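The lines below spell out each chain.
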Amino acid sequence: MTARHLPPGHHRYRDARQTRVPIVATILAESNAKAAALALIEAGEVVAIPTETVYGLAGDAANGQAVARIFEAKGRPRFNPLIAHVSSLGMAKDIAVFDPLSQKLADAFWPGPLTLVLPLREGAAIHPLVTAGLSTIALRMPMGFGAELIAALGRPLAAPSANSSGRVSATTAAAVDADLGRRIRLIVDGGPTPVGLESTIVKTEGDAVRLLRPGGVAAEDIERVLGQPLVRGGKVGVEAPGMLASHYAPRAAVRLDAKYVASGEALLAFGPGAIEGAANAVVTLNLSPAGDLREAAANLFTMVQALDRSGAAAIAVMPIPHAGLGEAINDRVRRAAAPRDLAIDAT
Ligand code: TXA
Ligand code: MG
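Residues numbered from 1 in each chain as written. Chains lettered and ligands numbered in written order. Predicted model: local features only at pLDDT ≥ 70, side-chain atom pairs only at ≥ 80, totals over all residues. Heavy atoms only, no water.

Draft legend 1. Expanded view of the pairing of strand β8 (residues 186-189). Pairing geometry for strand β1 (residues 26-29) and β8, over four bridges, is parallel. When the sheet's bridge partners are listed, Ala 29 is paired in β8 with Asp 189. (Pairing = 2+ DSSP bridges. Helix = DSSP H or I, 4+ residues; strand = E, 2+ residues; numbered from the N terminus.)

Draft legend 2. Structural view of the sheet that holds β8. Across the sheet, 10 strands lie side by side as β1-β8-β2-β3-β7-β4-β6-β5-β9-β10; this open sheet has mixed pairing. Each having just a single partner strand, β1 and β10 (208-213) make up the two edges of the open sheet. Pairing of strand β2 (residues 47-49) with β8 involves two bridges; the strand directions are parallel. Within β8, the residue paired with Ala 48 across the bridge is Ile 187.

Draft legend 3. Spatial organisation of unusual backbone geometry. Geometrically, the link from Trp 110 to Pro 111 is a cis peptide bond, its omega value of -10° lying close to zero. Mapped onto the elements, Pro 111 comes out in the loop between α5 (100-109) and β5 (114-119). Its identity is not glycine, yet Ala 132 carries a phi of approximately 55°, on the positive side. Relative to the helices and strands, Ala 132 is located in the loop between α6 (128-131) and β6 (136-140). In this structure Ala 132 comes out as buried when scored by relative accessible area, which is 3%. Phi is positive for Asp 257, which is not a glycine, with a value near 50°. (Buried < 20%, exposed > 50% of the residue type's maximum accessible area, 1.4 Å probe, protein only.)

Draft legend 4. Geometry of the sheet that holds strand β11 (residues 253-255). Strands sit in the order β11-β14-β12-β13 across an open sheet of four strands; the sheet is parallel. The open sheet has two edge strands with one neighbour each: β11 and β13 (284-286). Averaged over all pairs of adjacent strands, the angle between their axes in this sheet comes to 20°, without regard to strand direction. Bridge count between strand β12 (residues 265-269) and β13: three bridges; the pairing is parallel. Counterpart to Leu 267 in the pairing with β13 is Thr 284. (Axes fitted to C-alpha atoms, helices over the stretch in contact; angles between N-to-C directions.)

Draft legend 5. The packing of aromatic side chains, seen in detail. If you walk through the whole model with that rule in mind, you get three aromatic pairs. Consider the rings of Phe 79 and Phe 301, whose centres lie 6.4 Å apart with planes at 65°: the pair is edge-to-face. Separated by 222 residues along the polypeptide, Phe 79 in the loop between α3 (64-74) and β4 (83-85) and Phe 301 in helix α10 (residues 293-309) bring together distant segments of the chain. Judged by relative accessible area, Phe 79 falls into the buried class, the value being 0%. Considering the side-chain rings of Phe 98 and Trp 110, the 6.1 Å spacing of their centres and the 85° angle between planes classify their relative orientation as edge-to-face. Placement of the pair is Phe 98 in the loop between α4 (89-95) and α5 and Trp 110 in the loop between α5 and β5, with a sequence separation of 12 residues. Taking relative accessible area as the criterion, Phe 98 reaches 17% and is therefore assigned buried. Note on Trp 110: relative accessible area 9%, which makes it buried. By way of ring pairs, the aromatic residues Phe 71, Phe 79 and Phe 301 are connected into one cluster. A cation over a ring is seen here: Lys 93 above Phe 98, with NZ or CZ 5.6 Å from the ring centre. Over the ring of Tyr 260 we find Arg 255, and its NZ or CZ is 4.3 Å from the ring centre. (Phe/Tyr/Trp six-rings, centres within 6.5 Å; stacked < 30°, edge-to-face > 60°. Lys NZ or Arg CZ within 6 Å of the ring centre and 35° of its normal.)

What follows is the structure in structure tokens.
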């Protein structure tokens, strides 16, 4: 099929990818991949790693550019919150606040295929792109290679399943390679993943624990440990209406595709250009002066929040291209601009 025959959206997407340097992933057996994986992660790159559930596309959870690369490689049209993977309970507690029920579950099932959604600890060294600006974080302690890599790094790895958006999770290195091999540099081969499906996700709500996603740990086993039934229903990723939950939701009105800045407005700029009235902005932050979408993605949540804190009545957002990561960035600012009484899923 030639590009001419592709639907317009698809065509644009392919072009966005083709502007990148072509990559062919190296596949290394896990027994001798740790140093290479660690070096790439420390350099802000992403690496596909085996876990006991499915392969994960891992990046440094404290590095916004690395996390942006994860979304870029997956081709996710939205910034869904990712799971942060830890190698010890101490590391988990530096990031999140544990309640007694979650503690009980961590004691029983970690390391293993259980993810706990917990309140994010204030000041935790987690980039806001990991949580998509939510005030909670999904945490899991994997087994095997992933745990060793995290321990060597000394901080958490953000890792969604290593598949492109809309495809099923990969359970072999070959499946990762077929899907993402031209977008990432390293795939660590740990053989077929033993569990074969994603982790179970639960969240404590008062005295109850809600099952957000069934997965590798059976609900019955969790109920046995808790001594009470799980609450069913509810969606992963959803925490509040609008773009960003509680502490990130902008109070200011958000005006998209701004061609000018009106008096009293703050400016969220993008790229080297200027727009009319820019000099009058109450405060200006530029998502990426060079016009780099990866840098813009990494800055998005923090900058919207900072502009909001300025007290400006409105935030004017300069046009942001829709190619590549631009799609997810535009999705998020569009949600921020939505009227507050219009509940929109945060996923
Ligand atoms: O087994 C697994 O969990 C694999 C391996 C790689 O660890 N990871 C995985 O990640 O399945 P991912 O990104 O494909 O799925 C994570 C899910 C998403 O549905 C996301 O919405 C949800 O977790 N999630 C993340 N943070 C959340 C939060 N704060 N509240 C509710 N749901 C959350
Ligand atoms: Mg997934």
